[in-house]
Amino acid sequence: MLPRRGGMVDSSEGRNVDALLPWPDECFAPRPKLWMRLTAGYLGFLTLLASGLGFWALLSGQYRSAIFLFGSGVYSGLVTSLSLRLLRTRRQMSPTAITLGKTESTEDGVVIAYSGWLYSCLAMLILLTLVVLTDLVLSGLAGWQLPLFRSPPGVVSTVISSAFGLYFLWIVIDMVSGRLARGRVVLSPDGIYHRSLTFEHFAPWHAVYTISAEDAGVPLIVAKVSPCNHTRIHRTSWVGTQQEFKLLPSAAVRAPSLEVDPAVLYHALRYYHAHPEARPELATEAGVRRIQTGDLLEL
C-alpha cells in the first residue's frame, strides 16, 4: 500500500507517466444512482426499438414511417450516449486536451479542456429538437397534422411548440455566436480562468484559500475563492443558470465534463496553489509537461 501524505495517497514514487493520479480522500470514485442507470438503460432500449421498427417499416415500404422511426432512434441514441458519458467519470489521460492557451484577457496559461464530444452531442440534440419543434409548428399552422382551428388542443399544441421552438432557437443562436461554448480551465501564472458553458470567471491565486473535491449530485472540483477586486465574472448567455454559477466566486468544475481524468485538474490546482514559485512555468511548455505527466504530488 502506498504511504499517505497530506491526506492523500502518495503515488509519486515509482509512478510512470501513464499511471493514474489518486482520487482525493474527500471524494470517492462516484457511482451512478440506480435510477440513473435504469433511465440510461430505458433510453437504450428505446433506441434499439425505434431502430428495429424503422428497419421493419423500410422493408415494408412504409418510407415516411421509416424516416420518422430512424430519426427517433438517432435522437434517443444521442440522449443515451450523453447519459452514459455523464454517468461515468473519465479516468484516461488525454495529453491533447492539455495545451498552452490564453485566458479571456490574453494571459498565457495551461489549458485543460472540457470534453469536445459532450459539447458536440449536446449541440446536435439541441439542433434536432429545434427541427422537430419547427416541424410541429409549421404542421399546426398549415393544418397538415394539427389543423390550427379544428379544436382548442390544436391551438394549445401550436402555441406551446412555438414557445419551446423560440427558446431552442435562442440556444442555437447563442451557440453559433459563441456566447455558449465548450468549456475550459486555464491555469496561468496570475490565477485560474474558467470558461464554463454560460459564463467566464477569473480568480487570482492570492484569493484562493483551498482546493476541494465535493459531491453535489455530480462530482465537483472546487477552488474556493475569497471575494476580491481582482476577481472577474462575465455572464455570456442567459439561456439558463448553471449550478457552478451559483457557487461563484468559487470556481467549480464538473468532473465528468472534462476531457481528461479530473484528478489531473484537482492535483494541478493543489500543486500550483501550494507552490507560488512554480507558477511562472504555467506560461511555458514546462507547465504543460508537468501536468501531462502528472508530476503534481509534491506538496
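Residues numbered from 1 in each chain as written. Predicted model: local features only at pLDDT ≥ 70, side-chain atom pairs only at ≥ 80, totals over all residues. Heavy atoms only, no water.

A. Highlighting the pattern of salt bridges. Evaluation of the coordinates by the stated rule reveals 9 salt bridges. E244 serves as the salt-bridge partner of R254, at 3.2 Å between the closest nitrogen and oxygen. Note that R254 is positioned in strand β11 (residues 251-254) and E244 in helix α5 (residues 243-246), a separation of 10 residues in sequence. (Salt bridge = Lys/Arg side-chain N within 4 Å of Asp/Glu carboxyl O. Helix = DSSP H or I, 4+ residues; strand = E, 2+ residues; numbered from the N terminus.)

B. Representation of helix α6 (residues 262-274). With 13 residues, α6 should cover 18 Å at 1.5 Å per step; its first-to-last C-alpha distance of 19 Å lies within 8% of that length. For α6, the buried fraction is high: 11 of the 13 residues fall into the buried class. Residues P262, A263, V264, L265, Y266, H267, A268, L269, R270, Y271 and Y272 constitute the buried set of α6. The opening residue of α6 is D261, an N-cap whose side-chain oxygen sits 3.0 Å from the backbone nitrogen of A263. (Expected span 1.5 Å × (residues − 1). Buried < 20%, exposed > 50% of the residue type's maximum accessible area, 1.4 Å probe, protein only. Polar contact = N/O pair within 3.5 Å; in protein donor to acceptor, adjacent residues only side chain to side chain.)

C. Quick peek at the nonpolar core. Judged by nonpolar contacts, the single largest core of 37 residues is most densely connected at I98, L187, I192, L265, L269, Y272 and I291. When residues of this core are traced back to their parent elements, those giving at least two are β4 (108-113), β5 (184-187), β8 (208-215), β9 (219-225), β11, α6 and α7 (285-293). Of the residues forming this core, the biggest block, 8 residues, is contributed by α6. For L269, the residues in contact, after removing those within four places along its chain, are L187, I192, W205, I211 and I221. Residues I126, I171, V172 and M175 belong to the second largest nonpolar core, which totals 10 residues. (Core = buried A, V, L, I, M, F, W, Y, C linked by side-chain atoms within 4.5 Å. Contact = heavy atoms within 4.5 Å.)

D. Representation of the pairing of β4 within the structure. Most of β4 is tucked away: 5 of the 6 residues are buried. Two elements, strand β3 (residues 98-102) and β4, share 5 bridges in a ladder whose sense is antiparallel. Pairing of K102 across the sheet is with D108, part of β4. From the end of β3 to the start of β4, which pair antiparallel, there are 5 residues, and T106 there has a positive phi angle of about 65°. Sheet topology places β4 next to β5; 4 bridges connect them, and they run antiparallel. Paired with I112 across the bridge in β5 is V185. (Pairing = 2+ DSSP bridges.)

E. Main features of the environment of A203. Here A203 is to be found in strand β7 (residues 199-204). A relative accessible area of 1% places A203 in the buried class. Beyond its immediate stretch of four places on either side in the chain, A203 contacts G191, I192 and V225.

F. Representation of the sheet that holds β4 in the model. As summarised here, the arrangement of the 6 strands in space is β3-β4-β5-β6-β7-β10, forming an open sheet in which the pairing is antiparallel. Here the strands that pair on one side only, and so sit at the sheet edges, are β3 and β10 (232-235). Averaged over all pairs of adjacent strands, the angle between their axes in this sheet comes to 20°, without regard to strand direction. Seen against the sheet, α7 touches β3, β4 and β5 and runs at an angle of roughly 145° to β3. (Axes fitted to C-alpha atoms, helices over the stretch in contact; angles between N-to-C directions.)

G. Representation of the side chain of R195. Relative to the assigned elements, R195 resides in strand β6 (residues 191-195). No salt bridge is formed by the buried R195; the nearest opposite charge belongs to E200, separated by 4.2 Å. A polar side-chain atom of R195 sits 3.4 Å from a polar atom in the side chain of T236. (Lys, Arg positive; Asp, Glu negative; His and termini not counted.)

H. Main features of the sheet that holds β8. Ordered by their spatial adjacency, 3 strands build an open sheet running β8-β9-β11, and the pairing between neighbours is antiparallel. Sheet topology places β8 and β11 at the edges, where each strand pairs with a single neighbour. Strand after strand, the sheet turns through a mean of 15° between neighbouring axes, direction not considered. Two elements, β8 and β9, share 7 bridges in a ladder whose sense is antiparallel.

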